[in-house]
Amino acid sequence: MPSQVELYEQMSLLSSGMVAAVRARDWDRLTELERDASCLRDTLTTAPEGSESLTADLARKHSLIQRILDDDAEVRRHTEPWMERVCQFLGGERRHDPPQARSTEAGETAAGGCGA
């Protein structure tokens, strides 16, 4: 099984790909990468912490997590205004749940969803 640092590196590559996909408005690719990242996230939550408590490994993990969060913010800057317009068009109201609540609901994407 890959180490946690290796899993974070893979997630960082996926999140960078998601930024490229959203900038290109390649929604199919974005969705595919989002699914892959979700699977990796699930793997990461069950991955045992190894000997990665070394200062260099902790610093690397911190750097990767920050990059993933920055990429996520960039994706949201592109998708949330679009989702807001779709919700208004459909006559629904945008939910204002915390991001972690939205991301754990089945079938949701990183962009959130509309309430009925």
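The preceding data block contains the structure.
Notes on the structure in this doc start here. Each chain has its residues counted from 1, following the order in which its sequence is written. Totals for whole chains, interfaces and linings use all residues, but because this is a predicted model, local features are given only for residues with pLDDT of at least 70 and pairs of side-chain atoms are given and counted only at 80 or more. Each side-chain value is worked out from all heavy atoms of the structure, with water and hydrogens disregarded.

**Here's the deal with the overall build of the protein chain**
So, point 1. When helices and strands are counted, the protein chain shows four helices and two strands.
So, point 2. The way it works is that DSSP assigns letters per residue, a run of H or I at least four long becomes a helix, a run of E at least two long becomes a strand, and they are numbered from the N terminus. Beginning at the N terminus, the succession of helices and strands in the protein chain can be written as α-α-α-β-α-β.
So, point 3. Summary of the burial criterion: residues with accessible area below 20% of their type's maximum are buried, those above 50% are exposed, and those between are partly exposed, where the area comes from a 1.4 Å probe applied to protein chains only. Among the 116 residues that make up the protein chain, the fraction classed as buried is 31%.
So, point 4. The criterion used for residue contact is that any of the two residues' heavy atoms lie within 4.5 Å. Partitioning the contacts of the protein chain with sequence separation of at least 6, the portion at a separation of at least 24 is 62%.
So, point 5. In the structure as shown, the protein chain presents an accessible area of about 7500 Å², 55% of it carried by carbon and sulfur atoms. Accessible surface is estimated by sampling points in the Shrake-Rupley manner with a 1.4 Å probe; for residues, cover comes only from the protein chains shown.

**Things to note about the nonpolar core**
So, point 1. Throughout, nonpolar core names a set of buried Ala, Val, Leu, Ile, Met, Phe, Trp, Tyr and Cys residues whose side chains join them through atoms within 4.5 Å. Met18, Leu30 and Val75 are the most contacted members of the largest nonpolar core, which has 18 residues in total.
So, point 2. Contributing elements (two or more residues each) for this core: α1 (4–23), α2 (27–46) and α3 (55–90).
So, point 3. With nine residues, the single largest contributor to this core is α1.
So, point 4. Contacts of methionine 18, omitting those with residues within four sequence positions, involve Leu30, Leu33, Glu34, Ala37 and Val75.

**Structural notes on the pattern of salt bridges**
So, point 1. Any Lys or Arg side-chain nitrogen located within 4 Å of an Asp or Glu carboxyl oxygen qualifies as a salt bridge. Throughout the structure, instances matching the rule amount to seven salt bridges.
So, point 2. One salt bridge connects arginine 60 with glutamate 9, and the closest N-O pair in it is separated by 3.4 Å. With arginine 60 in helix α3 and glutamate 9 in helix α1, this residue pair connects regions lying 51 residues apart in the sequence.
So, point 3. With a closest N to O distance of 2.6 Å, arginine 77 and glutamate 74 form a salt bridge. Of the two residues, arginine 77 and glutamate 74 are both situated in helix α3; the distance of three residues between them amounts to about one turn of the helix.
So, point 4. Three or more residues are tied together by salt bridges with common partners; here these are Arg23, Glu74 and Arg77.

**A short note on α2**
So, point 1. Taking 1.5 Å per residue, 20 residues should reach 28 Å; α2 reaches 29 Å between its end C-alpha atoms and fits that length.
So, point 2. For α2, the full list of buried residues reads Leu30, Leu33, Glu34, Ala37, Leu40 and Leu44. Seen from one end, α2 has its buried residues packed into an arc of 130°, which puts them on one side. α2 presents Asp28, Arg35, Cys39 and Thr46 as exposed residues on the side facing more than 90 degrees away from its buried surface.
So, point 3. The inward-facing, buried residues of α2 contact α1 and α3. Helices are assigned an expected span. That span is 1.5 Å times one less than the residue count. Directions drawn from the helix axis to the C-beta atoms are what define this arc.

In short, geometric facts, not functional conclusions.
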